[in-house]
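# A structural walkthrough
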Amino acid sequence: MTIASDQRRKVAEFLLRIKAIQLRPNDPFTWASGRLSPIYCDNRKILSHPSVRTFVSQLTNELIESRFGKPDGIAGVATGGIALGALVAQEMGVPFCYVRSSAKSHGTGQQVEGDLDTMRNVVVVEDLISTGKSSLNAVAALRDASLEVRGLVAIFSYGFDDSVTRFEDAKCAFEVLTDYPTMLEQAMSEGYVTQEQASLLESWSSDPVAWSEQQSQS
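These lines cover the structure that appears in this document, whether it is placed above or below. Predicted model only: the values in this text are computed from it and were never measured.

### Some thoughts on the packing of aromatic side chains
This model, assessed by the stated rule, comprises 10 aromatic pairs. Centroid distance Tyr 180 to Trp 204: 5.3 Å. Interplanar angle 45°. Geometry classified as tilted. Here Tyr 180 is found in helix H6 (residues 180-189), whereas its partner Trp 204 is found in helix H7 (residues 195-206), with 24 residues between them in sequence. Here Tyr 180 matches Trp 204 in class, with each residue buried. Ring pairs connect the aromatic residues Trp 31, Phe 156, Tyr 158, Phe 160, Tyr 180 and Trp 204, which therefore count as one cluster. Across the ring face of Phe 29, the terminal group of Arg 24 is positioned such that the distance to the ring centre comes to 3.9 Å.

The following block contains the structure:
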């Protein structure tokens, strides 16, 4: 199974409606990296909306089983993938663990938290793929813990070429529920953005660094 186009649009519709995705092409957000961006994505908001939460978790479950088969366990990526991953693991009836961004400096010093003796292979659940670095950091930590990573599923991806290349280099298959082009199409059809704003959003996705520099100078 790959996500059908109508399902991708439905996920995008939900993310826009609950403002998990916000678009401000004329008043850009500043990311943690310092770059300016016309989009901000916070998929943790899904958790506050029961119907959206149920739809997303069930769709994630279906995608995992059809694409990767039922795994021994689910691994959530801290912090955005923890809650969704736990919901998916509960629905599947399999163990759950989660991966910190780095090993903790106290106690056992673990990066992967959970009883890893209960699982041999996992599917990773992530909320968002940007550059792919944090997702693949989690994949590497799981592999270092002697777990087989069958693949990764994320709610949303910006679809940057470098992130796709990183996943290929790491030999990690991944799927997403929806993506930037689908979201932009949905935003235009529902009137969230004008044609002029859509052009700004398209130019950002083509070259985020140049877009940010241009906006900083304007």
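That covers the picture; the talk isn't over yet.
### What to know about the pairing of strand S6 (residues 96-99)
The alternating pattern of S6 places Cys 97 and Val 99 on a buried face, while none of Phe 96 and Tyr 98, on the opposite face, is buried. Assessed by its sense of winding, the connection that carries the chain from strand S5 (residues 73-77) through helix H3 (residues 80-92) to S6 is right-handed. In the sheet, S6 pairs with strand S7 (residues 112-113) via 2 bridges, with the strands oriented antiparallel. Residue pairing across strands places Val 99 opposite Val 112, the latter belonging to S7.

### Concerning the sheet that holds S5
One open sheet holds the 6 strands; their spatial order is S7-S6-S5-S8-S9-S10, and the pairing between them is mixed. In this open sheet, the two edge strands, each paired with only one partner strand, are S7 and strand S10 (174-179). Bridging between S5 and strand S8 (residues 121-129) involves 4 bridges; their strand directions are parallel. Residue Gly 76 lies in a different strand from S8, and its bridge partner there is Val 125. Together, S5, S6, S7, S8 and strand S9 (148-157) form the strand contacts of helix H4 (residues 133-144), whose direction differs from that of S8 by roughly 165°.

### A few points about the packing of helix H1 (residues 5-17) against helix H2 (residues 50-68)
Their axes nearest at 11 Å, the elements H1 and H2 cross at an angle of 145°. Where H1 crosses over H2, the two elements pack in a sense that is left-handed. Together, Gln 7, Lys 10, Val 11 and Phe 14 of H1 and Val 52, Phe 55 and Leu 59 of H2 make up the contact between the two elements. Each residue belonging to the contact of H1 with H2 can be placed in one class, and the counts come to 5 nonpolar, 1 polar and 1 charged.

### Comments concerning the pairing of S10
In terms of burial, S10 is largely enclosed, as 5 of its 6 residues are buried. Two elements, S9 and S10, share 5 bridges in a ladder whose sense is parallel. Across the sheet, the residue bridging to Ala 154 is Val 176, located in S10. Since S9 and S10 lie parallel, the crossover through helix H5 (residues 161-169) that links them has a hand, and here it is right-handed.

### Some thoughts on the nonpolar core
One finds Phe 156 and Met 183 to be the most contacted residues of the largest nonpolar core, which totals 44 residues. Broken down by element, this core gets its largest block of residues, 6 residues, from H2. Not counting chain neighbours up to four residues away, the residues in contact with Phe 156 comprise Leu 15, Ile 21, Ile 39, Cys 41, Asn 43, Asp 127, Leu 128, Ile 129, Thr 178, Asp 179, Tyr 180 and Met 183. The next biggest cluster of nonpolar side chains, apart from the first, holds 21 residues, and it includes Cys 97, Val 124, Leu 147 and Cys 172.

### Observations regarding the pattern of salt bridges
Scanning the model with the defined rule gives 9 salt bridges in all. Arg 24 is paired through a salt bridge with Asp 27; the nearest N and O atoms lie 3.7 Å apart. For Arg 24, a relative accessible area of 32% corresponds to the partly exposed category. We classify Asp 27 as partly exposed; its relative accessible area is 47%.

### Remarks on the side chain of Ser 135
Relative to the helices and strands, Ser 135 resides in helix H4. Of the polar contacts made by the side chain of Ser 135, one reaches the side chain of Glu 126; its length is 2.8 Å. Beyond its immediate sequence surroundings of up to four residues, Ser 135 is in contact with Glu 126, Leu 128, Ile 129, Leu 152 and Phe 167.

Rules used throughout
Residues numbered from 1 in each chain as written. Predicted model: local features only at pLDDT ≥ 70, side-chain atom pairs only at ≥ 80, totals over all residues. Heavy atoms only, no water. Phe/Tyr/Trp six-rings, centres within 6.5 Å; stacked < 30°, edge-to-face > 60°. Helix = DSSP H or I, 4+ residues; strand = E, 2+ residues; numbered from the N terminus. Buried < 20%, exposed > 50% of the residue type's maximum accessible area, 1.4 Å probe, protein only. Lys NZ or Arg CZ within 6 Å of the ring centre and 35° of its normal. Right-handed = clockwise from strand over helix to strand, strands pointing away. Pairing = 2+ DSSP bridges. Contact = heavy atoms within 4.5 Å. Axes fitted to C-alpha atoms, helices over the stretch in contact; angles between N-to-C directions. Left-handed = near helix turned anticlockwise from the far one by under 90°. Nonpolar A, V, L, I, M, F, W, Y, C, P; charged D, E, K, R; others polar. Core = buried A, V, L, I, M, F, W, Y, C linked by side-chain atoms within 4.5 Å. Salt bridge = Lys/Arg side-chain N within 4 Å of Asp/Glu carboxyl O. Polar contact = N/O pair within 3.5 Å; in protein donor to acceptor, adjacent residues only side chain to side chain.

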